[in-house]
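Coordinates in review
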Amino acid sequence: EKVIFPLMEKIGMLWLTNRLFASQEHLISNIIRQKLIKAIDEIPTETKKAVKGLLFLPEGEFHELGLLYAHYLFKTKKIAAISLGANLPIYDLTLITDSVEPFFVFTHITAMGTQFDANDFLKELRVCVPKPTIVISGNVVSQIERAPENTVVIRSIQQFVEFISTL
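Predicted, not measured: the structure shown is a model, and the values here were computed from it. (Residues numbered from 1 in each chain as written. Predicted model: local features only at pLDDT ≥ 70, side-chain atom pairs only at ≥ 80, totals over all residues. Heavy atoms only, no water.)

**Points about the overall build of the protein chain**
Selection criterion: By the criteria applied, helices consist of DSSP H or I runs no shorter than four residues and strands consist of E runs no shorter than two, each listed in order from the N terminus. Taken over C-alpha atoms, the radius of gyration is set against a globule rule of 2.2 Å times the number of residues to the power 0.38. Exposure is judged per residue with a 1.4 Å probe applied to protein chains only, and the accessible area is read against the type maximum: over 50% gives exposed, under 20% gives buried, and values in between give partly exposed. Pairs of residues are marked as contacts when any of their non-hydrogen atoms sit within 4.5 Å. For the accessible areas, the method is Shrake-Rupley and the probe is 1.4 Å, while residue cover comes only from the protein chains on display. Only four residue types enter the tally: Lys and Arg on the positive side, Asp and Glu on the negative side, with His and both chain ends excluded. We put the charge of a Lys on NZ, of an Arg on CZ, of an Asp on CG and of a Glu on CD.
Tallying secondary structure elements over the protein chain gives six helices and five strands in all. Ordered by position from N to C terminus, the α and β elements of the protein chain give α-α-β-α-β-α-β-α-β-β-α. Whereas a compact globule of 167 residues would reach a radius of gyration of roughly 15 Å, the protein chain reaches 16 Å, a difference of no more than 12%. Each principal axis of the C-alpha distribution contributes one length, and for the protein chain these read about 45 × 40 × 30 Å. Within the protein chain, the proportion of its 167 residues that are buried is 40%. Long-range contacts, defined as pairs at least 24 residues apart, comprise 73% of the intrachain contacts of the protein chain with a sequence gap of at least 6. About 10,200 Å² of surface is accessible on the protein chain, with carbon and sulfur atoms providing 56% of the total. Separation between the mean location of the 17 positive side-chain charges and that of the 18 negative ones in the protein chain comes to 8 Å.

And the structure:
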């Protein structure tokens, strides 16, 4: 939180101002990604606990560092969660949600392009996944005017930590 978040913000700004090549951003992101995956894997998995959460990135979203960091935090708090990774069609999320019956579904959306509307996405997600709490974070939350019922909008790392403490 003190090193990687500021680094990623700086990289984002450098990329947006054309002072950093995409390959440089990818290199740094992949190093961080590898470290997160290793850290997640090294945390002992609790057995015989119901899955409380499903983590995913919607179709078209490939920036998975936020999702990996969330998975790491859930696992350190012994919260059973399955990460479905990036670029997941909502229909596939519906299928697995029906069989696993999680308490929440979590997504962290960083960059979806100018056509993406977070409010429409949440409405569609609520229709496809009616029961679990929807938890959303990332850059797109600034678009959210009014979240559907049973939806948690995370606007900061502090709010995320508070959400985890309620589970």
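There's plenty left to go through after this.
**Some words on the pairing of strand β1 (residues 53-56)**
Stated formally: DSSP calls a pair of strands paired once it identifies at least 2 bridges connecting them. Handedness of a crossover is defined as follows: with both strands directed away from the viewer, a clockwise route from the first strand across the helix to the second makes it right-handed.
Taking every second residue as pointing to the same face, both faces of β1 are buried, with G53 and L55 on one and L54 and F56 on the other. By the bridge criterion, three bridges tie β1 to strand β2 (residues 81-83) in an arrangement that is parallel. Bridge pairing in β2 links L54 to I82. Remark: the β1/helix α3 (residues 65-76)/β2 crossover connection has right-handed handedness.

**Topic: helix α1 (residues 4-16)**
Spelled out, the test is: Expected span of a helix: the number of residues minus one, times 1.5 Å.
Taking 1.5 Å per residue, 13 residues should reach 18 Å; α1 reaches 18 Å between its end C-alpha atoms and fits that length. Positive phi appears at N18, one or two residues downstream of α1, with a value of about 60 degrees.

**Re the nonpolar core**
Convention followed: Only buried residues count toward a nonpolar core, which is a set of Ala, Val, Leu, Ile, Met, Phe, Trp, Tyr and Cys residues joined through side-chain atoms within 4.5 Å.
Ranked by size, the top nonpolar core spans 21 residues in total, and within it L55, F74, F104, F106 and F160 carry the most contacts. Broken down by secondary-structure element, the contributors of at least two residues to this core are α2 (22-42), α3, β3 (104-108) and α6 (157-165). Looking at this core element by element, the count peaks at seven residues for α3. Once residues lying within four places of it in the same chain are set aside, the contact partners of L55 are L67, A70, H71, F74, A81, I82, S83, L84, G85, F104 and F106. In this structure, F56, I90, V129 and I144 belong to the second largest nonpolar core, which totals 19 residues.

**Looking at the sheet that holds strand β4 (residues 133-137)**
Put simply, the test is: Axis angles are defined between N-to-C directions and span 0 to 180 degrees, where every axis is a line fitted to C-alpha atoms and, for a helix, only to the segment in contact.
Judged by pairing direction, the sheet is parallel, and its five strands sit side by side in the order β2-β1-β3-β4-β5 without closing on themselves. Looking at which strands have only one partner, the edges of the open sheet turn out to be β2 and β5 (151-153). With strand direction ignored, the average angle separating the axes of adjacent strands in the sheet is 20 degrees. Bridge count between β1 and β3: four bridges; the pairing is parallel. If you follow G53 over to β3, its bridge partner there is F104.

**What to know about a negative patch on the surface**
Put simply, the rule is: Like charges within 9 Å and nonpolar side chains (Val, Leu, Ile, Met, Phe, Trp, Tyr) within 5 Å are joined into patches, using only residues over 30% in relative accessible area that form no salt bridge. The salt bridge definition used is simple: a Lys or Arg side-chain nitrogen within 4 Å of an Asp or Glu carboxyl oxygen.
A grouping of D117, D120, E124 and E145 is seen on the molecular surface, where their side chains present a negatively charged patch. Here E145 is to be found in the loop between β4 and β5.

**Thoughts on the packing of α3 against α6**
Note the cut-off: Should the near helix be turned anticlockwise from the far one by less than a right angle, the crossing is left-handed, and should it be turned clockwise, the crossing is right-handed. All amino acids are sorted into three groups, where Ala, Val, Leu, Ile, Met, Phe, Trp, Tyr, Cys and Pro are nonpolar, Asp, Glu, Lys and Arg are charged, and the leftover types, Gly among them, are polar.
Following both chains from N to C, one finds α3 and α6 inclined at 35 degrees, their axes separated by 11 Å at the closest point. In the packing of α3 onto α6, the handedness of the crossing is right-handed. Between α3 and α6, the contacting residues are Y69, A70, L73 and F74 on the first element and I157, F160, F163 and I164 on the second. Residue composition of the contact of α3 with α6, by class: eight nonpolar, no polar and no charged.

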